[in-house]
Amino acid sequence: MSLKVPKRPSSKKKKSLKANAQTEVFRKLGLETYWTTPLDPASMLDISTWTLKSETALNPEELPKSFLQRLWLLRKDARSACCKTLQNVGSDEKSPGENSREEIQAVVNPLDLVTAVFLSSNTFLQQEMTMRMMQCQFAVPLVLPNIDPDEPSHFLLWPLRSVVSRWLAHSVNDNNQVQEGDLASTYMPMVSCIKLGHCGISKSQVLNRIMSGPRSDSETFLHKGLDGGQLPRRLSNGLVELGWYLPSGDIQKDNLPVPMAISNLRGDASAHENCFNLLCQASSVVVVFCGDLREKERQLLLSCKVMPCKLIVIDLSDSEMNENRVVGFVGQNPEELMGLPGGSVISGKALNENELANKLCNSLKNLLPDQLKLVTLEAAGQLAVEIGLNVDEGAVCKKAMITVDEVLKGLDEGSSEFKMKQLPLQGPLWSRLSQLEKEESKQKREGKEIDLQLQQEKKDVLVELRSYKMTPAMKIFTDSLFTADKVGRTYFLNWVKLKLSLMQTAIHNGPRELSAYLHVENTDETPEHLDQQEHCVNENSEGSDSFCTDSTFEEEMDVLPQSTEFQVSEEESTEMSQDKEGFQSTHNSVIMQELDVASNEKVPNENIENIKTTPGCNEQIPSSCSESQFCQSEENGTVSHDRKQPDEPEATLAMPEADSSFKEQASLEASFELQLEPFDLDPSSLGLEHFLREMGLIFELTHVNPGSGSQNVLRLPSLAADLLLCGVPLELMDGDANNIPACWLNCVFAELKRRLPKEQCRTRVLTNLGGHHARNAETLSALFGVKYHEGKTRSSRGMHMLLLCLPHNLREDMECDFLLLLDVEGLCSVPKDNENVLVHDSTMATLAIGLSDVLLHNISSHGDYELETNIAIIVSALLRNKECGSMPICELLVQDVGINSILQASQLGRTSEMLQLESDGIGTGNAALDPSGTACISGPWLNATLSEPLDPQYSEAVLQLKGTIFKALKKSAAKSEASSLPDLMKRLSDVWNMIKGESFSIDLQNTDIALAFSLLCTKLSKWNISFLENMELWLIGATKKIYATKVKALDATVQNELLSKLKGEATEEVKAQVGKIKSEVQACLMENEPLKSNAETFRPILTTNMCNLQDRVTEEIVQKLETISESHCSSTQLENFQGLLEQEQESVLQALLEKSRSTKVLFLDTELEEEFDTVWTKALSIFDFRPSEADDITARVIGILRENLNNRGLHKHIKKLDSIGKNQTNGFQVYDEHFGYRSRLKHMFEDNNRVQRVKAQELACNIIEEYHQFVENKCSLLADFSDSYITELLESVEKALADNSLEIRSVFEVDLKVYLCNAASHDFQELHDRFAKDRELLTCISATKSMHSAEFMYNFRKRDQCQRLAQTFTSMVFKPTVLDYVNRPLGTNTAEEILSKNQEYQSPQAIHQSLLEELIKDDNFESFLEYLTSFDNFRRRKIQETVEAHLSESTNISIWRQQQLGEIVGKISAAVSQTTEGGSGVLTDAKPLLEMACLTLERDGDVVVNRASLNGPLFSFTTEWDCFVKYLMEFLAIMRLNLVQEFSQKVDISQLLDSLSIQPQECLFDKVRGCDKKCPLCQAPCDEDAGHEVHKALLHRPIGMLPYDPSSVSYIGGPVSMTNGNSDHNKDHQDSITCNNLHGLYPDWISSTYDQNNQKTSDYWRYVLARFNEKFAQEFERDPAEIPVEWMKLTQEDALACLK
């Protein structure tokens, strides 16, 4: 069922979309379908009404829907053009990889989105969008560019008529008040902003600062700083946006003192000259943002001189000398050149947006109050037609307006007089008839005879009613509704609301002088088109949305007669002929009075004579007004004026001069804050609902006077059904007359039933019930997007209904097809001392609740009287319906968190809960106490100012409330079936009959009982809360008792006994607590007089409630005890399983780590997953689940096998199935019966069929072996037994038998299947038992498998990393340190040991003497030669040989190394142990801890640690320190064992010496080194110890043993005989020694030849020279020396003897 407004056939068929940039955006947003079939308000039912969440669009096609959804929720981000993904965006913007990510990014410019949606919507949806955009403080389209650039743009006037707001301008007048007006027809200054040339500053941001100030986050105009604002505009170039600035009266907050319309042309003005011309002619002032101008743009700017508007130029050009700049005109002043007054050019090059906005505000203020003309957007619409733009208000719209004027003809006499003449059926006769019928019903109920006087009076009333003739207004009204043009009908209804709303606006603003209005019309600055406005059709309106039609203004004028409305007679004492002008003049005079605050000077030649306002303008009927302002006639209820305007005879226009600033004037008054005025009931006000009510009463009259109705009258129910389906609310109950038109409603519902399919008439009723301040209509509008009769003051009381068709997805959940929305208006609108009003309110509330499936208590904070009255009336109505057995599901809505709202919510919530037939559980009693538990909406209501920011939580609150209502409707579906339309009417009739007959124990005028019962419910709720708190405390104690059985948690006997005991205690405790509450309730019933008199009525309700409470609490406590016990057992089981799994994991982890350590192989994730699966399967298989009941699968196995045998025709063997389930001790045996007779006869002689039986046995064994593998595979799966296992097993047996050629009977197959199924019943029973023991626990455990798997892999990776790095650290840091520590003392110890055993190393002389002796003993020329030519090397070599020989023989090396190793390992262990940071399981950065351990080792262990490896990133990792220390200690121990083993093996001397930091040979060499001085003659080393002054050699060397060097000192000083061989015997001694005169030559040397043993010491070298004379000569390449005979006789002993 669709509720969409039918489309009006257009006179021109829309052209197809052209292929251009604009169309591309249209198609990108998925809106091309709506170009020919625009969206309408009914489309919002699918888009927004049933939506419970607002999400970001996923692709560009969803952006329009998302925009509308968020706009209907009044969200600040409604215009966002962002999508979550960019899948549908061109590939040049994002790569496919990035498209897969869910990033939020704008895909089009937000202005293009808004423009596209407006172009895709019809006129009425545009009006709805405009109204909501203004509520969000968004700029709205004024001129909408055409999607075809060659076609003219559209001027949108109709949408602006719906925008109504209040403001408070700055004034020093004491009588200043909040004013109200609509955007379309209110006179005010209009500021238009355009751009010429490229500007570096954001025009929109400057305007936003003007609109809201620098500290506000309101973004009225979209700009490049917002998401998507930087994207190029494709569709919105040429768009003119409109914002409405409204002052609040706070001079500190307001930027401007008066309301202003601010328009903004998008794009360069030179490219949109039509829009430029329109703004220049229609605006009060044009602000031009100038960049670097070209010639065309300069000429366009110069053309502004002839325009009637003021001009402000903002210079934003780049260079001062640019000749294209407007201020670069050859030295001329731009103000003089263009004729601008001083200060009209603002240099904005060096200013930011805030500074520029401040300057612009100051310039605008300087133009106030007398330099800016006041304009209306209606006049701008006329200019748009002249310029060539399309205006949306076409012929149909204007025709509807004219018809409305005819309907409202005579309204200028006053609304009360109009109602009396044109709507007479709503007068006192209808009310009196209602009273008489109620009295008649009451007498019938009491069994009395009907009073004759009552009957006669009723007859008289009916006779008078039968004389009714349809009035002209109602005739035109109904005829207009019968039109086939549905669009025209919609316009007509909207115009009715708009016109009547204007009257309320005029009443609110109050009567004012019209002189200001006339001044505006006749001012010199006003163009001619404003003068013509008096003769044109321009209506002040407030309404719905509109789309651009194809009709032009000229076409419309052909259809419409020239209206004479709004003309003003200039003659004295002449009244205006239409109330429209009064309304218009009110707006104008308001603005002018706000401007005329600075001076009292009068403008000459502007006197206007004797202007009188219409009576309609002078009516003031708000309840807040004083009674002296009007009096009400008792006879006809009309309103007459008691006073006139003080200046009525003559109105002279006064134009003030700007002598003082607005700030100075505003400082004279206190700060004013706009307050929302209450929706007071105004019985004299007129609304659309009065006409619809009259329409119903006209039809109702046909029931009173049969045969009196015309054909059109009889068609009224059909018309009403049509209106209802189109979203027009109809009145269900006349609250003013306190009656329902039963015949009318019956026929309307019958017509609805006739139109709808029988299977789609299920209806549920949602009622919004609240006081007259609760804004019930606005609440339903916010929730469902519907439109009830709204106004500034309520003009009627009653109950109105709307019908919504549910979408298919909700029809199933709510079990209904339609949702009937009931709006109750006017409840508690007058003081309760008026008994009739109290009865009326009680009647409405009782009827509304009686019809409802879901009741929404709408609560607003107001006076104490209204608080008490609301509670009393609603509670009384609930009690009456409870008495009838009908009780809706109640929900609460509060509109603020004031104390009164909280009190109402608390009391109504508790009372509603008490009266509910079913409750939702133990915790429902707490909801009423907590205001956060109810929905709270601070909505943007119609009479609030549009300048106030919206509540940021508004949208979420609306969605939350809507979700709550949907849940309640679903709950209602579970509670009862939906009513059909006839059932609904029967329900209405039943409740109404009971109300008329007052068939209730509680009278309609009685509120004391309701208040007393409400207070009792409050007390009972508190007692219940205390009771629940006590039970919670008891439950905590019981929980402790259950958890105290930790050890025996899995003992079923212990747990069951404890649980049974606690259940009994809980039952008794609840019973005792409820007994106390019952006693308290009984005492209250007896103490309170209203309750005592109705105790029998309330006692069953209270008793049932308390008994239900006792049962619910007992049941819930028992359930909680069972849950706690089960949770305790499950948690214990879970802990046990986790412990078992950890044990299994630990063992496998250790094995894997050991394998990783030994093989140095990195395991893959798949390998680790396989290892974990093994662990998991093993843990599940060995875990001992709790014993629990499990079914026997034997029966299932038998059933499957029986079916199998029957299918195979083997049912004759069914009896063999009886053996399944019994223990079979033997294996399967093959018998002769398994073979046929012929087969046995054939093989009779083959060893009694032995071969055949063996083959059959082998076949059976193979099948049985496959069965065992099959069972093993199935049991390894983490799944319970399935019947498919047996089916699969039987199929495998059949396949195996079919593949074999043995001649066997079917009984073999049966016996084998029985055998296998018997085994399977046992094997799979274990599997089933394991899974059936605790399915929930197994499910919980299985759900954690992935987590445990990841944890297993993580632990392995961390431990493997840990052990690898520990091993690396040990090898890189600890091992070098250990080896250094072990080897460092070995060299010293070895040298000391050699010194202690060898005396020759005690001094240089001793080692020298030892070497000389060794040379003699070796008798080796090469050794002598090395000694003579390289004494140090020779000496080192000999020491090296000594050391190596000693080391090869010594056993102390191993001992020393073992000792050092033990010491250093102990020191390392102590150092690591002292590093205590990083507790168990705590992840710690290892690097600082390792550095600390090294420092501790160096400090305390006197050890040098090489920490170079710690400088890199290798050891910068997080680990569990205790785990790392453990691995570190392990590898340290392994290293020690390896070193011990290495030290115990045979030592490689060379490697050992290389590893020593201190070499023993160097120690020995240093010991015997001497002073390193050598004889300058023979190079013999000094043999003295250190600390001597004179050097001495043990043996000087002869010349013959030295290399021949003529230049050497030894050669020169040597005897000749040693070189030429000629010498005598007396000179032998001198000739044989080279250094006899050494001391003479070198005083620091002394020769040993002066010793007394000189001869003996010379024998050593004589022997050597004699022994190796030839070799020396050959080596030194000279002739052999002549050796004396005596030398030749010297022996080795002689040579050695000379050394001792």
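Just so you know, these numbers come straight off a predicted model, no measurement behind them.

Peer 1: Before we move on, can you summarise the overall build of the protein chain with the specific residues and values?
Peer 2: Scanning the protein chain from terminus to terminus reveals 64 helices and 30 strands. Counting every position in the protein chain, which comprises 1700 residues, the buried fraction comes to 55%. Long-range pairs, those at least 24 residues apart, make up 81% of the contacts in the protein chain with a sequence separation of at least 6. Looking at the protein chain as shown, the accessible area adds up to about 73,800 Å², and 49% of this sits on carbon and sulfur atoms.

Peer 1: Provide a residue-level description of the sheet that holds strand β21 (residues 763-770), including the pertinent values.
Peer 2: Read from one edge to the other, the open sheet built from seven strands follows the order β20-β22-β23-β21-β24-β25-β26, with strand pairing classed as mixed. The open sheet has two free edges, formed respectively by β20 (730-734) and β26 (935-936), since each of these has just one partner strand. Here five bridges tie β21 to strand β24 (residues 854-859), and the two strands are oriented parallel to one another. By the bridge assignment for β24, Thr 767 is matched with Leu 855.

Peer 1: Talk me through the side chain of Thr 843; I want residue IDs and the actual numbers.
Peer 2: Note on placement: Thr 843 falls in helix α31 (residues 835-851). Its relative accessible area of 0% is what places Thr 843 among the buried residues. Dropping the residues within four chain positions of it, Thr 843 is found in contact with Lys 438, Met 733, Asn 738, Trp 992, Ile 995 and Leu 1004.

Peer 1: Help me get a handle on the sheet that holds strand β12 (residues 345-347), residues and values and all.
Peer 2: Strand order across the open sheet formed by nine strands is β12-β11-β10-β7-β9-β8-β3-β4-β13, with mixed pairing between neighbours. On the outer flanks of this sheet lie β12 and β13 (390-391), each paired with one strand and no other. Strand direction decides the pairing type here: strand β4 (residues 154-155) and β13, joined by two bridges, are parallel. In the strand pairing of β13, His 154 is matched with Asn 390. Sitting on the sheet, helix α6 (residues 123-135) touches β3 (140-144) and β8 (240-245), and the angle it makes with β3 is about 135°.

Peer 1: Explain the pairing of β3 to me, and be specific about the residues and the numbers.
Peer 2: The element β3 is extensively covered by neighbouring structure, given that five of its five residues are classed as buried. When β3 meets β8, the two strands line up antiparallel, connected through three bridges. Its bridge partner being in β8, Pro 141 is matched across the sheet by Glu 241. Examined bridge by bridge, β3 and β4 share two bridges and lie antiparallel to one another. Across the sheet, residue Val 143 finds its bridge partner in β4, namely Phe 155.

Peer 1: Let's hear about the confidence of the model for the protein chain: which residues, and what values?
Peer 2: Of the residues in the protein chain, 77% reach a pLDDT of 70 or more, and the chain-wide mean stands at 76. Taken together, the stretch residues 512-679 has pLDDT below 50 and engages in 415 contacts with residues farther than four places along the chain or on a different chain.

Peer 1: Pulling in residues and values, what's your account of the pairing of strand β7 (residues 190-196)?
Peer 2: Most of β7 sits inside the fold, with six of its seven residues counted as buried. Inspection of the sheet shows β7 paired to strand β9 (residues 260-268) by five bridges, in the parallel sense. Within the sheet, the bridge partner assigned to Val 191 lies in β9 and is Ile 262. One ladder, built from six bridges, connects β7 with strand β10 (residues 285-290); its direction is parallel. Bridge pairing links Val 191 to Val 285 in β10.

Peer 1: Which residues make up the packing of aromatic side chains, and what values do they have?
Peer 2: Going through the model one piece at a time under the given rule, you end up with 27 aromatic pairs. When the centroid spacing of 5.8 Å and the interplanar angle of 35° are considered together, the rings of Phe 1172 and Trp 1176 count as tilted. Here Trp 1176 and Phe 1172 lie together in helix α40 (residues 1165-1182), a separation of four residues that amounts to about one turn. According to the relative accessible area criterion, Phe 1172 is buried, its value standing at 0%. The exposure class of Trp 1176 is buried, given its relative accessible area of 0%. Plain terms: the ring middles of Phe 1424 and Phe 1668 are 5.7 Å apart, the flat faces sit at 45° to each other, and that makes the pair tilted. Within this pair, whereas Phe 1424 is found in helix α50 (residues 1421-1429), its partner Phe 1668 is found in the loop between α61 (1654-1667) and α62 (1669-1676), the two being separated by 244 residues in sequence.

Peer 1: Let's hear about helix α14 (residues 415-422): which residues, and what values?
Peer 2: What sets the pattern is the α-helix's 3.6 residues per turn: residues three or four places apart point alike. Inspection of α14 places Ser 415, Ser 416, Phe 418, Lys 419 and Gln 422 among the buried residues, and these make up the whole buried set. With its buried residues spanning 160° around the axis, α14 presents them on a single face.

Peer 1: Before we move on, could you go through the pattern of salt bridges and cite the residues and values that matter?
Peer 2: For the coordinates displayed, the defined rule picks out 53 salt bridges. One salt bridge in this structure joins Lys 1041 and Glu 1065, with 3.9 Å as the shortest N-O distance. In this pair, Lys 1041 is assigned in helix α36 (residues 1008-1043) and Glu 1065 in helix α37 (residues 1052-1087), connecting sequence segments 24 residues apart. Between Asp 1173 and Lys 1345 there is a salt bridge, with the nearest N and O atoms lying 3.4 Å from each other. Remark: Lys 1345 occurs in helix α47 (residues 1345-1383) and Asp 1173 occurs in helix α40; sequence separation between them is 172 residues. Assessed through its relative accessible area of 34%, Asp 1173 is described here as partly exposed.

Peer 1: Can you tell me about the nonpolar core, naming the residues and giving the values?
Peer 2: Soluble globular proteins tend to pack their nonpolar side chains together in the buried interior. With 156 residues, the main nonpolar core has Phe 289 and Phe 784 as its most contacted residues. For this core, the element with the most residues is helix α34 (residues 954-975), which contributes nine residues. When neighbours within four sequence positions are excluded, Phe 289 is seen to be in contact with Cys 193, Ile 194, Lys 195, Leu 196, Cys 199, Ile 201, Lys 203, Val 206, Ile 314, Leu 316 and Leu 356. Listed in part, the 151 residues of the second largest apolar core include Leu 716, Leu 719, Leu 847 and Leu 1062.

Peer 1: Please provide a residue-by-residue account of the state of the cysteines, values included.
Peer 2: One pass over the full model with this rule turns up zero disulfides. With no disulfide of its own, Cys 309 lies closest to Cys 280 among cysteine sulfurs, the gap being 4.8 Å.

Peer 1: Requested: an account of the packing of helix α15 (residues 428-445) against helix α16 (residues 452-466), with residues and values cited.
Peer 2: Contact pair α15 / α16: the axes reach a minimum separation of 10 Å and the direction vectors enclose 150°. Crossing of α15 over α16 shows left-handed handedness. In contact with Leu 429, Arg 432, Leu 433, Leu 436, Glu 437, Glu 439, Glu 440 and Gln 443 of α15, α16 contributes Leu 454, Glu 457, Lys 458, Val 461, Leu 462, Glu 464 and Leu 465. Split into classes, the residues belonging to the contact of α15 with α16 amount to seven nonpolar, one polar and seven charged.

Peer 1: Break down the environment of Leu 316 for me, with residues and values.
Peer 2: In this fold, Leu 316 is placed in the loop between β11 (310-315) and α10 (334-338). You can call Leu 316 buried: its relative accessible area is 7%. For the pair Leu 316 and Cys 199, spaced 117 residues apart in the sequence, the C-alpha separation amounts to 6.0 Å. When residues no more than four places from it in sequence are discounted, the contact partners of Leu 316 are Cys 199, Ile 201, Phe 289, Cys 290, Gly 291, Gly 348 and Lys 349.

Peer 1: How would you sum up a negative patch on the surface? Please name residues and give values.
Peer 2: A cluster of like negative charges, contributed by Glu 1167, Glu 1169, Glu 1170 and Glu 1171, occupies part of the molecular surface. With respect to the helices, strands and loops of the structure, Glu 1167 is situated in helix α40.

Scoring rules and cut-offs
Residues numbered from 1 in each chain as written. Predicted model: local features only at pLDDT ≥ 70, side-chain atom pairs only at ≥ 80, totals over all residues. Heavy atoms only, no water. Helix = DSSP H or I, 4+ residues; strand = E, 2+ residues; numbered from the N terminus. Buried < 20%, exposed > 50% of the residue type's maximum accessible area, 1.4 Å probe, protein only. Contact = heavy atoms within 4.5 Å. Areas by Shrake-Rupley, 256 points an atom, 1.4 Å probe, with all protein chains shown as cover. Pairing = 2+ DSSP bridges. Axes fitted to C-alpha atoms, helices over the stretch in contact; angles between N-to-C directions. pLDDT = per-residue confidence, 0-100. Phe/Tyr/Trp six-rings, centres within 6.5 Å; stacked < 30°, edge-to-face > 60°. Arc of directions from axis to C-beta. Salt bridge = Lys/Arg side-chain N within 4 Å of Asp/Glu carboxyl O. Core = buried A, V, L, I, M, F, W, Y, C linked by side-chain atoms within 4.5 Å. Disulfide = S-S within 2.5 Å. Left-handed = near helix turned anticlockwise from the far one by under 90°. Nonpolar A, V, L, I, M, F, W, Y, C, P; charged D, E, K, R; others polar. Patch = residues over 30% accessible without salt bridge, like charges linked within 9 Å, V, L, I, M, F, W, Y side chains within 5 Å. Lys, Arg positive; Asp, Glu negative; His and termini not counted. Charge placed at Lys NZ, Arg CZ, Asp CG, Glu CD.

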